[in-house]
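# What the coordinates show
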Amino acid sequence: MNHPAHFPKGTLPIVPQPKPSRRFIKRPSAHITFVLDRSGSMRSIWDDVKGGYKEFIEKQQTEKGKCSFTLNVFDDKFETPVKNKPIKKVSTKLSVRPRGWTALLDAMGRSIQETKDYLKSIPKPHRPTRVLIAVQTDGQENSSKEYSSSEVKKLIKKCEKKGWEFMFFGSDLSSVKLAERVGFSGANTAYYDPKNFGETMSLNAGKVADFRGATSTTDAKKALSYSDSDRRKMSK
């Protein structure tokens, strides 16, 4: 027969407490492909471009979480100075110079296709959970030969179904309209004043960092959306 335990007057039994669970939220991994205009019309603000690029990379390097980075630069030619490199190992120095015309559609089409090829080469369990294509330009499309606007639109639509995100900022209103026409969301597309390139890059660096660090897909999408305040800062 069990007898109830007796405790000294004024004391309570010590009840073992469960150990606190250690729940860690795994930070999403990401891949960023940045498409940068290096056409001749960028020459007058190139120092600002180099400074803005440096700030963008430094901001991403301070963020936690795995991230690979590709830099594609374009005029009427297409080059990849940084290819699928861990963000922590990316140089903050932009080594290319402005030149040539503006093959914007070709730059977008090739950037999307080459990003697709890169991700396909990675085993599924190790692929980034978030993918972003960010495009900057100061000019109007005038020399593409490989991709049409309808072909770029098809690529974007297919990739959005896989969860990819796209953002676009341009200093020519016709290029902004082109971006929306080929499938970039209006919420993620914005005009910037060329004289305000530094502020524009700083703002976008923060948005991309927030995209990477968001704890949900919904919040990640919201991070890339330009608010009225964002638009005023970029275009003032």
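## Re the environment of V49
- Along the chain, V49 turns up in helix α1 (residues 46-62).
- The exposure class of V49 is buried, given its relative accessible area of 1%.
- When the C-alpha atoms of V49 and F197 are compared, they prove to be 6.9 Å apart, with 148 residues separating the residues in sequence.
- Residues within four places of V49 in sequence aside, it is in contact with L36, M42, L94 and F197.

## A word on the sheet that holds strand β5 (residues 165-170)
- On the basis of which strands lie adjacent, the open sheet formed by 6 strands has the order β3-β2-β1-β4-β5-β6 and mixed pairing. In this open sheet, the two strands that pair with only one neighbour each are β3 (78-86) and β6 (189-191). Geometrically, the sheet is characterised by an average inter-axis angle of 10° between neighbouring strands, direction not taken into account.
- The strands touched by α1 are β1 (30-37), β2 (67-74) and β3; relative to β1, the strand with the most contacts, the crossing angle is about 180°.

## Here we look at the packing of helix α2 (residues 104-120) against helix α3 (residues 149-161)
- As a packed pair, α2 and α3 sit with axes 9 Å apart at the nearest point and diverge in direction by 35°. Crossing handedness for the pair α2 and α3: left-handed. Residues L105, M108, G109, I112, Q113 and K116 of α2 pack against S149, V152, L155, I156 and C159 of α3.
- Counted by class, the contact of α2 with α3 contains 7 nonpolar, 3 polar and 1 charged residues.

Basis of the calculations
- Residues numbered from 1 in each chain as written.
- Predicted model: local features only at pLDDT ≥ 70, side-chain atom pairs only at ≥ 80, totals over all residues.
- Heavy atoms only, no water.
- Helix = DSSP H or I, 4+ residues; strand = E, 2+ residues; numbered from the N terminus.
- Buried < 20%, exposed > 50% of the residue type's maximum accessible area, 1.4 Å probe, protein only.
- Contact = heavy atoms within 4.5 Å.
- Pairing = 2+ DSSP bridges.
- Axes fitted to C-alpha atoms, helices over the stretch in contact; angles between N-to-C directions.
- Left-handed = near helix turned anticlockwise from the far one by under 90°.
- Nonpolar A, V, L, I, M, F, W, Y, C, P; charged D, E, K, R; others polar.

Any functional reading would require information beyond the geometric quantities listed.
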